[in-house]
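Topology and contacts: notes
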Amino acid sequence: MFNAVSKSPWVVHFNCNSCNGCDIEFLACLTPHYDVERFGILHIGNPKHADVLVVTGSVNNRNARVLQNVYNQIPDPKVVVAMGVCTSSGGVFAGCYNILGNVDLVIPVDVFVPGCPPRPEAMIDGIVKAVGILERKRKGEIFPTAPKPLCKFKPSEEQSTEKTAIKEEKTV
Amino acid sequence: MIEKINITQWIIIAVSLVAAPFIGALIAGLDRKVTARMQGRKGPPVIQPFYDIIKLFSKQPVALHKLQILYAFLHLVFMMLVVVFLAMGQDLLMILFAHAFSTICLVLGGMSVRSPYSRIGSLRKIMQMLAYEPILILIIVAIYLQTDSFLAGSVMSMSKPMLWSMPLLFLSFLCAVAIKLNKSPFDVSTSHHAHQEIVKGITIEYAGPYLGIIEIAHFYETAILFFIIMMFWQTNLYIGFGLETLAFLAILILDNTFSRLTTTWMLKYMWSIPLFLSIANIIWLWSK
């Protein structure tokens, strides 16, 4: 009874800049085949009721503020699960002119779930891991932020020159 | 005239106040389990609502302003008052007013914040009240026509089950229960599943323990409604329980077969078919 937090994690789901692959896979976890509700996990749309924030997609200049705002609205204790490879490195969008990159530039992340998109089993596993961290956070233990599975993508010199070349071509 | 409350009555009040939220929570847990089985899922354990409540009380209390917290508490207190009145067999009209004021407190709490979803939810809650209150009043009128008394205790003096004399009112009351429990197609103000439309409606700005208080009040309300369903077969408790189970299953099937419909549709429906059935029942009782 005392670890009730880990028995009813309510999840709010935020799509930063995703291609919707992760979002569809995450919603597939609610279907009869996987049925995350049997762990008490509820998918709710309101950060004020949530315990777990699931982020998909890479952060860009427009939504960094929104993501920060959603994170701040969740009452403590809270955990953040970053779904997909975009959240850890920017993924296929890395190096794009509008992309800031990984999610932990903006908010502290507790669990990274790699994959493009991750399989529903991996997603459920990630949330279950996050719930363990949630329980430890409720007890007042400080938990270090998760190590990233990939380092941040930086465009090499060649690529950046290629980009400028394309731009010049277009202007011509 | 104020009568003195003796010790047995105190015990009855205490037991009903403690037992009602537990019964409500169990009904909510069964609701989630049976709904999951109907959808081919395994579903959460039956005691899941208890976990939810304990979790909500261990969360950080966040509120926009103090008045909002007061409204959440008033919602709970007036719902508890309804349970006390019912346990003592008090005036049914008083019970109706206390219950309505409890809901109004929730609406005021929803309206007191500057959140569009909360305000839309509150407005829809008022429309829901407008839809079901006439039926509750007509049930009380029907009880008065048969027993010449507005007391809830007078129902026990009837020799035949209430269902025999007011079958159409019972059907209308089931619609009112579906509205009160926020079941599809009437779940316009707030919903248990699929929070896409107005996110969580009337309770969107409550977080942590304050949401827990509202949930407990909802459990009290569920217990009250199912107690009233049981009152329709007051002569035999076991048949009353069977009636309750049937009503529960009927409401769940309704919830799982319908999608959410609009507020105007709800009001039009409730003020035509169930209200017509109720008035027909009243006319029949009056002319008998």
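Residues numbered from 1 in each chain as written. Chains lettered and ligands numbered in written order. Predicted model: local features only at pLDDT ≥ 70, side-chain atom pairs only at ≥ 80, totals over all residues.

**A word on the overall build of chain A**
Within chain A, the regular secondary structure consists of five helices and seven strands. Start at the N end of chain A and walk to the C end: the helices and strands fall as β-α-β-β-β-α-β-α-β-β-α-α. Looking at chain A residue by residue over its 172 residues, the buried ones come to 42%. For chain A, long-range pairs separated by at least 24 residues make up 83% of all intrachain contacts whose partners lie at least 6 apart in sequence. (Helix = DSSP H or I, 4+ residues; strand = E, 2+ residues; numbered from the N terminus. Buried ≥ 20, exposed ≤ 12 C-beta atoms within 10 Å, placed from the backbone. Contact = placed C-beta atoms within 7 Å.)

**Brief notes about the interface of chain B and chain A**
Across the contact, 25 residues belong to chain B and 18 residues belong to chain A. Examining the composition of the side of chain B that touches chain A, we find that five residues originate from one element, helix H2 (residues 48-57) of chain B, more than from any other. Residues of the side of chain B that touches chain A, tallied by class, amount to nine nonpolar, nine polar and seven charged. (Nonpolar A, V, L, I, M, F, W, Y, C, P; charged D, E, K, R; others polar.)

**Section: the sheet that holds strand E1 (residues 10-15) of chain A**
All names here are of chain A. The strand order across the open sheet formed by five strands is E2-E1-E3-E5-E7, and the pairing between neighbours is parallel. In the strand order of this sheet, the two ends are held by strand E2 (42-43) and strand E7 (111-113), each with one partner. Taken together, the five bridges between E1 and strand E3 (residues 52-56) define a ladder with parallel strand orientation. Each residue of the ladder has a partner; that of Phe14, found in E3, is Val55. Sitting on the sheet, helix H1 (residues 21-28) touches E1, E3 and strand E5 (79-83), and the angle it makes with E3 is about 140°. The sheet strands contacting helix H4 (residues 120-138) are E1, E3, E5 and E7, and the helix crosses E5 at an angle near 160°. (Pairing = 2+ DSSP bridges. Axes fitted to C-alpha atoms, helices over the stretch in contact; angles between N-to-C directions.)

**A few points about the confidence of the model for chain B**
Averaged over every residue, the pLDDT of chain B is 88; the share at 70 or more is 97%. We note a pTM of 0.87 for the whole complex and an ipTM of 0.80 for its interfaces. (pLDDT = per-residue confidence, 0-100.)

**Describing the nonpolar core**
The biggest cluster of nonpolar side chains holds 103 residues, and the ones touching the most others in it are Val52(A), Val55(A), Val81(A) and Tyr220(B). Of the residues forming this core, the biggest block, 14 residues, is contributed by helix H8 (residues 209-231) of chain B. Judged by nonpolar contacts, the second largest core, of five residues, contains Tyr117(B), Ile120(B), Val199(B) and Ile204(B). (Core = buried A, V, L, I, M, F, W, Y, C linked by C-beta atoms within 7 Å.)

**Some words on the pairing of E1(A)**
All names here are of chain A. Note: E1 against E2, two bridges, orientation parallel. Opposite Val11, over in E2, you have His43 as the bridge partner. For the crossover that starts at E1, traverses H1 and ends in the parallel E2, the hand is right-handed. (Right-handed = clockwise from strand over helix to strand, strands pointing away.)

**Re helix H9 (residues 237-257) of chain B**
All names here are of chain B. The end-to-end C-alpha separation of H9 is 30 Å, in line with the 30 Å expected for 21 residues at 1.5 Å each. Along H9, the positions that sit buried rather than exposed are Gly240, Ala247 and Asp255. For H9, the arc enclosing every buried residue in end-on projection is 75°, short of the 170-degree limit, so these residues lie on one face. Of the exposed residues in H9, the ones pointing more than 90 degrees away from its buried face are Tyr238, Leu246, Leu249, Ile253 and Thr257. Tucked into the core, H9 has its buried residues touching helix H1 (7-38), helix H7 (167-180) and H8. (Expected span 1.5 Å × (residues − 1). Arc of directions from axis to C-beta.)

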